[in-house]
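# Structural description and commentary
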Amino acid sequence: MTFYDGIYPFYSLQRSPFIIDISLLVAILVFSVLAVSFIFILPGIRGKSRLFWMFRITISLFIGVVLVVLNFTGDWAEARVKANATYKSFSNAVVSAEVGLHVGLYGINITLRGEPVSQINETIDYNEIFRWSSSVDEQYGDALERGLPNPILYIAEKFTRNSACGLIYQYRYSGRFASANLWTAFCCWLLANILFSMPVILYAGYMMIATAAFIFFSMASFSTIYTVPQCDFSIGAESLRTDYSHSFWIALATGLLCAVIGWVVVLLDCLFPARMREAFSVGVDNEDDEGYLNSGFLEGVTCDDTTQTGNSSLPQQITTLTRL
């Protein structure tokens, strides 16, 4: 006797397929809100500088969201193989499936998807995550109790402390150092955005170069997983071997983008400092000024200077802003 969709009344509900990591979703939503907010601000910027501001905001938010999202993605390295493998322990049933290993900075995902999905009266579609933040041995023991398929248990066992491969140590520390460097790059990105809004464009360029440097450091930290002897993953008659995947190459592209932006800004600021401040809509402090004016918000405004003589012996200059 079953309820709807073939669910037995005295057993746990059927597994729901993995959709998206919650942390990843939150990061995307936060930067989406920021992007929409800046879009509403753009109409208040006058003249041709509006397009330049839109370009700046787009590039800056892209770099920021990449630096945050890369911490939570699970595809810095991955491997896939199609094989015929034993489905469960103490069973002679063999299934045809695609087995995947996805390595992130905070753990690994092991996937198993049948081809076709429905075989031996079961739906074969698994996506199991094992995080470095908790004991992988305990997670592996829990997977044994739940009776997960053999291919998943076989790969997960390679990352336990008792495994002869010893992958857990290198993968865990490589992910932690890579994540620390990415968060440092994010802090440098924040400082660069603050400095771009001040008359110190040169130092903003330096911070963009520092952002690129820490992105490259994170990539180098993650790459150390390949310095240890590679452990063989044999699934049926096939072997599984990880290689760099999407997140790694996105990090490389973002690092190169930050490096190009930083060096171009530094070079142009050394050659044309006045034009760079004009392009970024920041003024230069004079000796008698108490601050600077953002010229991007003053286009179409004229200044009328008048001189008024008061009780003091020195004339006082009064500046009146008139909107055209």
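Above this text you will find the structure in question.
Residues numbered from 1 in each chain as written. Predicted model: local features only at pLDDT ≥ 70, side-chain atom pairs only at ≥ 80, totals over all residues. Heavy atoms only, no water.

This brings us to the side chain of serine 179. By the element assignment, serine 179 lies in helix α5 (residues 167-196). Within the local environment of serine 179, its side chain forms a polar contact with the side chain of tyrosine 106, the two groups lying 3.1 Å apart. Every residue in contact with serine 179, bar those within four places of it in the chain, is listed here: Asn71, Leu105 and Tyr106. (Helix = DSSP H or I, 4+ residues; strand = E, 2+ residues; numbered from the N terminus. Polar contact = N/O pair within 3.5 Å; in protein donor to acceptor, adjacent residues only side chain to side chain. Contact = heavy atoms within 4.5 Å.)

A probe matching the size of a water molecule, rolled over the atoms, marks out where space remains unfilled. The tally for this structure, following the rule as stated, stands at 1 cavity of 30 Å³ or more. In this structure, the largest cavity encloses a volume near 70 Å³. The wall of the largest cavity is formed by Leu167, Tyr171, Gln230, Cys231, Phe233, Leu240, Arg241 and Thr242. Residues that form the lining of the largest cavity fall into these classes: 5 nonpolar, 2 polar and 1 charged. (1 Å grid on protein atoms, 1.4 Å probe; cavity = no way out; pocket = protein on both sides within 12 Å on 5 of 7 lines; lining within 4 Å. Points joined across faces, edges and corners; volume = space filled by probe spheres on them. Nonpolar A, V, L, I, M, F, W, Y, C, P; charged D, E, K, R; others polar.)

This brings us to the environment of alanine 79. By the secondary structure assignment, alanine 79 is in strand β1 (residues 77-86). Between the alpha carbons of alanine 79 and glycine 100 there is a distance of 5.6 Å; along the sequence they are 21 residues apart. Setting aside anything within four residues of it in sequence, one finds alanine 79 in contact with Val99, Gly100, Leu101, Leu240, Arg241 and Thr242.

Glancing now at the sheet that holds strand β3 (residues 107-119). Spatial strand order, β4-β3-β2-β1-β7: 5 strands in an open sheet with antiparallel pairing. The open sheet has two edge strands with one neighbour each: β4 (122-131) and β7 (243-244). Pairing of β1 with β7, which is carried by 2 bridges, proceeds in the antiparallel orientation. Residue alanine 77 lies in a different strand from β7, and its bridge partner there is tyrosine 244. (Pairing = 2+ DSSP bridges.)

Just geometry here; none of it tells us what the structure is for.
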